[in-house]
Amino acid sequence: MDTLFLFLGKGKMLDKYMDNYEVVKKSFGIHAEKFASYHMSKAEYTDYLIKRTAAKGNEHVLEVAAGTCICGRALAPHVKDITCLDLTEEMLEQGKMLAMKSGLHNISFQTGNAEALPYADNTFDLVITRLSLHHFINPKKPFEEMTRVLKKGGKLIVWDMEATSEALRNMDDAIEKMRDPSHTRILSRKEFEELFEKDFRLQCEESTLIPVNLKSWMELTNTCAQVQNEITDLMRQDLKGGNKTGFAPYIKESQIFFNHRWLLLIGVKK
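**Q** Lay out the overall build of the protein chain with the relevant residues and their values.
**A** Scanning the protein chain from N- to C-terminus turns up 10 helices and eight strands. Relative to its 270 residues, the protein chain shows a buried fraction of 49%. Long-range contacts, defined as pairs at least 24 residues apart, comprise 74% of the intrachain contacts of the protein chain with a sequence gap of at least 6. Put simply, the protein chain shows about 13600 Å² of open surface, and 53% of that area lies on carbon and sulfur atoms.

In structure tokens:
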């Protein structure tokens, strides 16, 4: 009986993971072209990342959950070679097209699962993932895989959203999921630090506020009109002193904005 219960429990968990994979692929497959040109790919952000990465030019690099390979394309001129891996073929196709337009020849693209990377241990000098961990049911799994394929002394770079205050996290995540069904949960700074503490020495830990236009943010994922209205109403109530959303919205140029807090962590593998 106990064995059967355990088996069924694992089966349900596997179904949950498979469902999440399909949601992610569907969501990003539809919106691939938009993600390639969204404001979060602006040079000011990628230039900042390049500076903090401090690549020497001889690194073998892997970008995990690469999407349209924004980081990979930015880093390519500064490293020996880079592989961009993502679950969604359409996202990679956009990245490949843009890399060709930029004349990048040291970049390759591979469809794959971040929770089971198809590479040997200690393969890469630098591994990077950007805005990805909040799409995983268990972010520890892709983190462990990135650690496994990274060489000793290599750098792991994680650049992702940082959770709001504990009291507002559930509301914040609920709104994120309304807008993007592939969203799971934003990690706190402490949770990110706990991922790094065993195998890494943290070299960098910096927060950056990224201004986001609410309407553009919802249009990026083709959020339906009804849900857009629901989210907008929640933001307006927050602005008027009502229930807090965790987004801390504000008015700029007669439109609703909020700030995403991006946390950049760079760890050196022990």
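**Q** I'd like a description of the pattern of salt bridges, backed by residues and values.
**A** Scanning the entire structure with this criterion turns up 13 salt bridges. A salt bridge links R148 to D121, with the shortest nitrogen-to-oxygen separation between them at 2.8 Å. Linking R148 in helix 6 (residues 140-149) with D121 in the loop between strand 3 (107-111) and strand 4 (124-130), this pair joins segments that are 27 residues apart in sequence. Residue class for R148 comes out partly exposed when judged on its relative accessible area of 23%. Overall, D121 belongs to the partly exposed group, its relative accessible area being 48%. Residue R189 pairs with E162 through a salt bridge whose shortest N-O separation is 3.5 Å. Remark: E162 occurs in the loop between strand 5 (150-161) and helix 7 (169-179) and R189 occurs in helix 8 (residues 189-196); sequence separation between them is 27 residues. According to the relative accessible area criterion, E162 is buried, its value standing at 15%.

**Q** Tell me about the nonpolar core, and name the residues and values.
**A** Of all hydrophobic cores here, the largest spans 30 residues; its most connected members are L49, I82, I157 and L264. Of all the elements in the fold, those that place two or more residues in this core are helix 3 (43-53), helix 4 (70-75), strand 2 (81-86), helix 5 (89-101), strand 4, strand 5, strand 6 (200-213) and strand 8 (255-269).

**Q** Help me get a handle on the state of the cysteines, residues and values and all.
**A** Counted under the stated rule, the structure contains zero disulfides. Cysteine C84 remains unbridged, with the sulfur of C69 as its closest cysteine sulfur at 3.6 Å.

**Q** Residue-level account of the environment of T245, with values.
**A** Here T245 shows up in the loop between helix 10 (225-239) and strand 7 (250-252). By relative accessible area, T245 is classed as buried at 1%. Separated by 76 residues in the primary sequence, T245 and R169 have C-alpha atoms spaced 8.7 Å apart. Once residues lying within four places of it in the same chain are set aside, the contact partners of T245 are L168, M171, D172, I175, L234, M235 and D238. Of note is the side chain of T245, whose polar atom sits 2.8 Å from the side chain of D238.

**Q** Summarise the packing of helix 7 against helix 10; cite the residues concerned and give the values.
**A** Relative to each other, helix 7 and helix 10 sit at 155 degrees, their axes nearing to 10 Å. Here helix 7 lies roughly antiparallel to helix 10, going by the angle between them. In this structure, the crossing between helix 7 and helix 10 has a hand that is left-handed. Where helix 7 approaches helix 10, its residues M171, I175, M178 and R179 are matched on the opposing element by V227, E230, I231, L234 and M235. Split by residue class, the contact of helix 7 with helix 10 holds seven nonpolar, no polar and two charged.

**Q** For helix 3, give the residues involved together with the corresponding values.
**A** Those residues of helix 3 that sit buried are Y45, T46, L49, I50 and T53. Projected down its long axis, helix 3 carries its buried residues within an arc of 135 degrees, all on one side. The outward face of helix 3, more than 90 degrees from its buried face, is lined by the exposed residues E44 and K51. The secondary structure elements touched by the buried residues of helix 3 are helix 4, strand 4, strand 5, strand 6 and strand 8. Backbone geometry just downstream of helix 3 places A54 in the positive-phi region, at approximately 55 degrees.

**Q** Can you break down unusual backbone geometry residue by residue, with the values?
**A** A negative phi angle is the norm for most residues apart from glycine, just as the trans form is the norm for most peptide bonds. The phi dihedral of A54 is positive, around 55 degrees, even though this residue is not glycine. For A54, the location among the structural elements is in the loop between helix 3 and strand 1 (60-64). Relative accessible area serves as the criterion here: at 45%, A54 is assigned to the partly exposed category. Positive phi values are uncommon outside glycine, yet S254 reaches one of about 65 degrees. Assignment of secondary structure puts S254 in the loop between strand 7 and strand 8.

The rules we used
- Residues numbered from 1 in each chain as written.
- Predicted model: local features only at pLDDT ≥ 70, side-chain atom pairs only at ≥ 80, totals over all residues.
- Heavy atoms only, no water.
- Helix = DSSP H or I, 4+ residues; strand = E, 2+ residues; numbered from the N terminus.
- Buried < 20%, exposed > 50% of the residue type's maximum accessible area, 1.4 Å probe, protein only.
- Contact = heavy atoms within 4.5 Å.
- Areas by Shrake-Rupley, 256 points an atom, 1.4 Å probe, with all protein chains shown as cover.
- Salt bridge = Lys/Arg side-chain N within 4 Å of Asp/Glu carboxyl O.
- Core = buried A, V, L, I, M, F, W, Y, C linked by side-chain atoms within 4.5 Å.
- Disulfide = S-S within 2.5 Å.
- Polar contact = N/O pair within 3.5 Å; in protein donor to acceptor, adjacent residues only side chain to side chain.
- Axes fitted to C-alpha atoms, helices over the stretch in contact; angles between N-to-C directions.
- Parallel < 35°, antiparallel > 145°, perpendicular 65-115°, else oblique.
- Left-handed = near helix turned anticlockwise from the far one by under 90°.
- Nonpolar A, V, L, I, M, F, W, Y, C, P; charged D, E, K, R; others polar.
- Arc of directions from axis to C-beta.

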